Amino acid sequence: MNTQTLNPHTLTMPKALVTLLAGALFGFGLSLATMVQPEVVLSFLRFQDWGLMLVMGGAAGLALLAYKGFPRWFARPLLGGQFLTQPASWNRQTVIGSAIFGMGWGLSGVCPGPAIAALGTGNTDILWALAGIVLGGLAHGLTARD
């Protein structure tokens, strides 16, 4: 039996196309919901605009449905592999990282997903926020303990 077909991390053409389509749909949705505009996000964080709450609530609901429902409805993922769970644990680094992420989001109005989608809208000012995100990820990678 070919072991390549059993490896869930093997990138095949169908997986690559589905990933590309999902990313494009995600970016389009973020843009349509105006989450790529830092001004809109900041007004949401100041409790002046509740439209993004509906977007985030809908996304969280769909994610919950997918993560809890798909393993019950399907024997295995449609493109192969198996359903995996990722246990989460709270520790000091998680709390500190969450606080830093929240402060950056609150100060800039930029989150990583929408920042990348904002590049597609021609917003080049977002490069400053993306540079900060990259530096934060690099700092974490250099200081993280296994």
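The present account deals with the structure reproduced in this document. Computed from a predicted structure; not experimentally measured.

1. Section: the layout of surface pockets
Once rolled over the atoms, a probe with the size of a water molecule shows which space is left empty.
Stage number 1. Taken as a whole, the largest pocket encloses approximately 1500 Å³ of empty space.
Stage number 2. Residue assignment for the lining of the largest pocket shows that the elements contributing at least two residues are α1 (13–32), α3 (51–73), α4 (92–108) and α5 (112–119).
Stage number 3. It is α3 that provides the largest number of residues to the lining of the largest pocket, a total of 10 residues.
Stage number 4. Class assignment of the residues belonging to the lining of the largest pocket gives a composition of 27 nonpolar, 8 polar and 3 charged.
Stage number 5. Here the second largest pocket is characterised by a volume of approximately 590 Å³.
Stage number 6. Around the second largest pocket sit 18 residues that line it, and Gly97, Ile100, Phe101, Gly136 and Gly137 are the ones nearest its centre.
Stage number 7. Going through the elements one at a time, α4 and α6 (126–143) are the ones with two or more residues in the lining of the second largest pocket.
Stage number 8. Partitioning the lining of the second largest pocket into residue classes produces 9 nonpolar, 9 polar and no charged.

2. Considering the environment of Gly69
Stage number 1. Take Gly69: it is sitting in helix α3.
Stage number 2. For Gly69, a relative accessible area of 6% corresponds to the buried category.
Stage number 3. With 70 residues separating them in the primary sequence, Gly69 and Ala139 have C-alpha atoms 36 Å apart.

3. Concerning the nonpolar core
Stage number 1. Judged by nonpolar contacts, the single largest core of 16 residues is most densely connected at Leu30, Met35, Val36, Leu52, Val110, Ala115 and Ile126.
Stage number 2. Of all the secondary-structure elements, those providing two or more residues to this core are α2 (38–45), α5 and α6.

4. Regarding the side chain of Ser43
Stage number 1. In this structure, Ser43 sits in helix α2.
Stage number 2. Its relative accessible area of 13% is what places Ser43 among the buried residues.

5. Some words on unusual backbone geometry
Stage number 1. Residue Thr34 is not a glycine yet carries a positive backbone phi of 65°.
Stage number 2. Structurally, Thr34 can be placed in the loop between α1 and α2.
Stage number 3. Look at Thr34 and you get partly exposed, because its relative accessible area is 27%.
Stage number 4. Despite not being glycine, Phe47 shows a phi value in the positive range, around 60°.
Stage number 5. Relative to the elements of secondary structure, Phe47 occurs in the loop between α2 and α3.

6. Concerning the packing of α5 against α6
Stage number 1. One can describe the packing of α5 onto α6 by two numbers: an axis separation of 10 Å at closest approach and a directional angle of 140°. One element, α5, and the other, α6, form an angle in the oblique class. The chirality of how α5 crosses α6 is left-handed. Where α5 approaches α6, its residues Pro112, Ala115, Ile116, Ala118 and Leu119 are matched on the opposing element by Ile126, Leu127, Leu130 and Ile133.
Stage number 2. In terms of residue class, the contact of α5 with α6 is built from 9 nonpolar, no polar and no charged.

Calculation criteria
- Residues numbered from 1 in each chain as written.
- Predicted model: local features only at pLDDT ≥ 70, side-chain atom pairs only at ≥ 80, totals over all residues.
- Heavy atoms only, no water.
- 1 Å grid on protein atoms, 1.4 Å probe; cavity = no way out; pocket = protein on both sides within 12 Å on 5 of 7 lines; lining within 4 Å.
- Points joined across faces, edges and corners; volume = space filled by probe spheres on them.
- Helix = DSSP H or I, 4+ residues; strand = E, 2+ residues; numbered from the N terminus.
- Nonpolar A, V, L, I, M, F, W, Y, C, P; charged D, E, K, R; others polar.
- Buried < 20%, exposed > 50% of the residue type's maximum accessible area, 1.4 Å probe, protein only.
- Core = buried A, V, L, I, M, F, W, Y, C linked by side-chain atoms within 4.5 Å.
- Axes fitted to C-alpha atoms, helices over the stretch in contact; angles between N-to-C directions.
- Parallel < 35°, antiparallel > 145°, perpendicular 65-115°, else oblique.
- Left-handed = near helix turned anticlockwise from the far one by under 90°.
- Contact = heavy atoms within 4.5 Å.

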